[in-house]
Amino acid sequence: MAAGYLDVLRARHATRLLTGTLVGRLPSGTAHIAIVLFTRAEGGSYTLAGALAAAYGLATAVGQPLLGRAVDLHGQPRVQLPAAVLSALGMALFALVGLDPLPLAYLAVVIAGVCTPPLEGGLRALWPTVLGREDRVHRAYAMDAVAQEVMFTVGPLLVTVLVALWSPAVALLVINAIGVLGALSVVLSEPSRTWRSAPREAHWLGALRSPGLLALLGSFFFVGLALGSITVAGVAYADDHADASVYGWLMAALGLGALIGGVVYGARQWAGAPERRLRVIVALLALGYLPLMLTPGVAAMTGLAALAGVFLAPAIACSFIVVDRHAPHGTVTEAFSWLVTTFGVGAAAGTAVAGPAVELGGTAWSFAVAGAGGVAALVVLLATGRVLAVPARTPTVVTGSENDRNGAAEPGFSSGHKA
């Protein structure tokens, strides 16, 4: 199992790109907790903290596909690094000004959100260039999904440590400075500097003109909704047991399950079209969410949370392959960015729905939102099977740059028979 991952990491530039992207995404992965902690430290209410975090999240959702399209048009260095700097400056303004005047605080977090660089989409566009072989690229997608789980575990811990040692304002400044360094490491690499998107048809919809991509986005909105609802439901469950640490155990179990599932999924080659495989994985994901409604004792609930997480990373990794197959020529970074946006919007919707569900029917109802989200994601994939069966393009692994008009094409992502 480890040999396959080592094969990916030994490829030239692979470790640098993966590490730089994760470090560069640290600000976006920790922004919500950092904003909440800073707002509370400045005397703001939880309502205000949530509103500022929501403003950041919405701004990020708007900015990701727009910046992704800019990357496809103008290349990575000309977009990623300036965006990272502007995002960091927005958070620095928020840290220095605080909550007074409040409109300026909102403007600062909106700037930080809109300018968040699309490093996720950029990395996935680079993998075919760096790794060359189809099996390596698919394994890298799985590694990417697993690495996200690690980041979302380590990132909040780092923020907490910085707050304990100094202050929430220092945490905001340090995290965003580290993020800029990560983006800088990526854009100075040879693959990022030389990558060029394929010629694209001028169309205002960009990547969204692909019916298959729209179907995938519709499904992953509900996957995000399920995951977002679990974060609220977990808090309600911990409150029911009068022990705040229970929430941490549930989230850690969920992340551990996703990490294990992602590692196992990426360790082997899979036969058959990825669209069919994705339907099976999402079905198992939905099946894992449904037992959470039972809300048993803490030990059993922690086990169910781990089980619920097992198929999350495989679903995300498989979705990367499907995105690459359905993104129109010249829109690959934008397409990946739309997946990030849709997943994030779904998660926000899940948190919004799960709150009233707790108040209306208790903790079990909030976990039912997660189950319903998983089922809805599966229904979308089943209902759009014909659309997903026809890729918008045939992805190609090239020797120079992914989709580079000057690159020499090699047999690679030709049929989807080995995903």
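Because the structure is predicted, anything quoted here is derived from the model rather than measured.

### Section: the overall build of the protein chain
- Secondary structure assignment for the protein chain yields 18 helices and two strands.
- Counting across all 419 residues of the protein chain, residues that qualify as buried make up 55%.
- Summing over all exposed atoms, the protein chain offers an accessible surface of approximately 16,600 Å²; the carbon and sulfur share of this is 70%.

### Quick look at the pattern of salt bridges
- Applying the stated criterion to the full structure yields four salt bridges.
- Of the charged contacts in the structure, one is a salt bridge between Glu 120 and Arg 25, with a shortest N-O distance of 3.5 Å. A residue pair is termed long-range when its members are at least 10 positions apart, and Glu 120 in helix α7 (residues 119-131) and Arg 25 in the loop between α2 (14-24) and α3 (26-41) qualify at 95 residues.

### So, the environment of Val 85
- Along the polypeptide, Val 85 turns up in helix α5 (residues 77-97).
- Val 85 sits 91 residues away from Asn 176 along the chain, and the two C-alpha atoms are 8.7 Å apart.

### Comments concerning the packing of helix α11 (residues 211-240) against helix α17 (residues 363-383)
- Running from N to C, α11 and α17 point in directions that differ by 165 degrees, and their axes come no closer than 8 Å. Classified by the angle between their axes, α11 and α17 sit roughly antiparallel to one another. Relative to α17, α11 is oriented so that their crossing is left-handed.
- For the contact of α11 with α17, the residue count by class is 16 nonpolar, eight polar and one charged.

### With respect to the confidence of the model for the protein chain
- Looking at the protein chain as a whole, its pLDDT mean stands at 82, while 89% of the residues score no less than 70.
- For the protein chain, per-element mean pLDDT is lowest for strand β2 (residues 409-410), which scores 30, and highest for α5, which scores 95.
- Low pLDDT, under 50, characterises residues 394-419; the predicted model gives this stretch 70 contacts beyond four residues in sequence or across chains.

### Some details on helix α16 (residues 332-361)
- For α16, spanning 30 residues, the distance from its first C-alpha to its last is 43 Å, which sits close to the expected 44 Å at 1.5 Å a residue.
- One or two steps after α16, the chain reaches Gly 362, where phi turns positive at roughly 90 degrees.

### Re the packing of α7 against α16
- Two elements in contact, α7 and α16, have axes whose closest approach is 8 Å; the angle formed by their N-to-C orientations is 135 degrees. It follows from the interaxial angle that α7 and α16 lie oblique. When the axes of α7 and α16 are compared, the crossing they make is right-handed. For the pair α7 and α16, contact is made by Glu 120, Gly 121, Gly 122, Arg 124 and Ala 125 and by Val 332, Thr 333, Phe 336 and Val 340, respectively.
- By residue class, the composition of the contact of α7 with α16 is four nonpolar, three polar and two charged.

### Observations concerning the nonpolar core
- Of all hydrophobic cores here, the largest spans 104 residues; its most connected members are Phe 94, Trp 127, Leu 131, Phe 220 and Tyr 289.
- Among the elements that line this core, the one with the most residues is α11, at twelve residues.
- Dropping the residues within four chain positions of it, Leu 131 is found in contact with Val 8, Ala 11, Ala 14, Arg 136, Val 137 and Ala 140.

### Here we look at a nonpolar patch on the surface
- A cluster of nonpolar side chains, contributed by Val 280, Leu 284, Leu 287, Leu 290, Met 293, Val 375 and Val 379, occupies part of the molecular surface with about 550 Å² of accessible area.
- Mapped onto the nonpolar patch, the elements with two or more residues apiece are α13 (274-289) and α17.
- A per-element tally of the nonpolar patch places α13 first, with three residues.
- Considering the arrangement of structural elements, one finds Met 293 in the loop between α13 and α14 (298-309).

### Topic: the environment of Val 390
- Along the chain, Val 390 turns up in the loop between α18 (385-388) and β1 (397-398).
- Overall, the relative accessible area of 58% leaves Val 390 in the exposed class.
- Counting along the chain gives 178 residues from Val 390 to Gly 212, while the straight-line C-alpha distance between them is 7.4 Å.

### Concerning the packing of aromatic side chains
- Inspection of every chain in the model, using the stated rule, returns four aromatic pairs.
- Between Phe 38 and Phe 94 the ring centres are 4.8 Å apart and the planes differ by 65 degrees, which places this aromatic pair in the edge-to-face class. In this pair, Phe 38 is assigned in helix α3 and Phe 94 in helix α5, connecting sequence segments 56 residues apart.
- Residue Phe 38 is classed as buried on the basis of its relative accessible area, which comes to 1%.
- A relative accessible area of 0% means that Phe 94 is categorised as buried.

Conventions and cut-offs
- Residues numbered from 1 in each chain as written.
- Predicted model: local features only at pLDDT ≥ 70, side-chain atom pairs only at ≥ 80, totals over all residues.
- Heavy atoms only, no water.
- Helix = DSSP H or I, 4+ residues; strand = E, 2+ residues; numbered from the N terminus.
- Buried < 20%, exposed > 50% of the residue type's maximum accessible area, 1.4 Å probe, protein only.
- Areas by Shrake-Rupley, 256 points an atom, 1.4 Å probe, with all protein chains shown as cover.
- Salt bridge = Lys/Arg side-chain N within 4 Å of Asp/Glu carboxyl O.
- Axes fitted to C-alpha atoms, helices over the stretch in contact; angles between N-to-C directions.
- Parallel < 35°, antiparallel > 145°, perpendicular 65-115°, else oblique.
- Left-handed = near helix turned anticlockwise from the far one by under 90°.
- Nonpolar A, V, L, I, M, F, W, Y, C, P; charged D, E, K, R; others polar.
- pLDDT = per-residue confidence, 0-100.
- Contact = heavy atoms within 4.5 Å.
- Expected span 1.5 Å × (residues − 1).
- Core = buried A, V, L, I, M, F, W, Y, C linked by side-chain atoms within 4.5 Å.
- Patch = residues over 30% accessible without salt bridge, like charges linked within 9 Å, V, L, I, M, F, W, Y side chains within 5 Å.
- Phe/Tyr/Trp six-rings, centres within 6.5 Å; stacked < 30°, edge-to-face > 60°.

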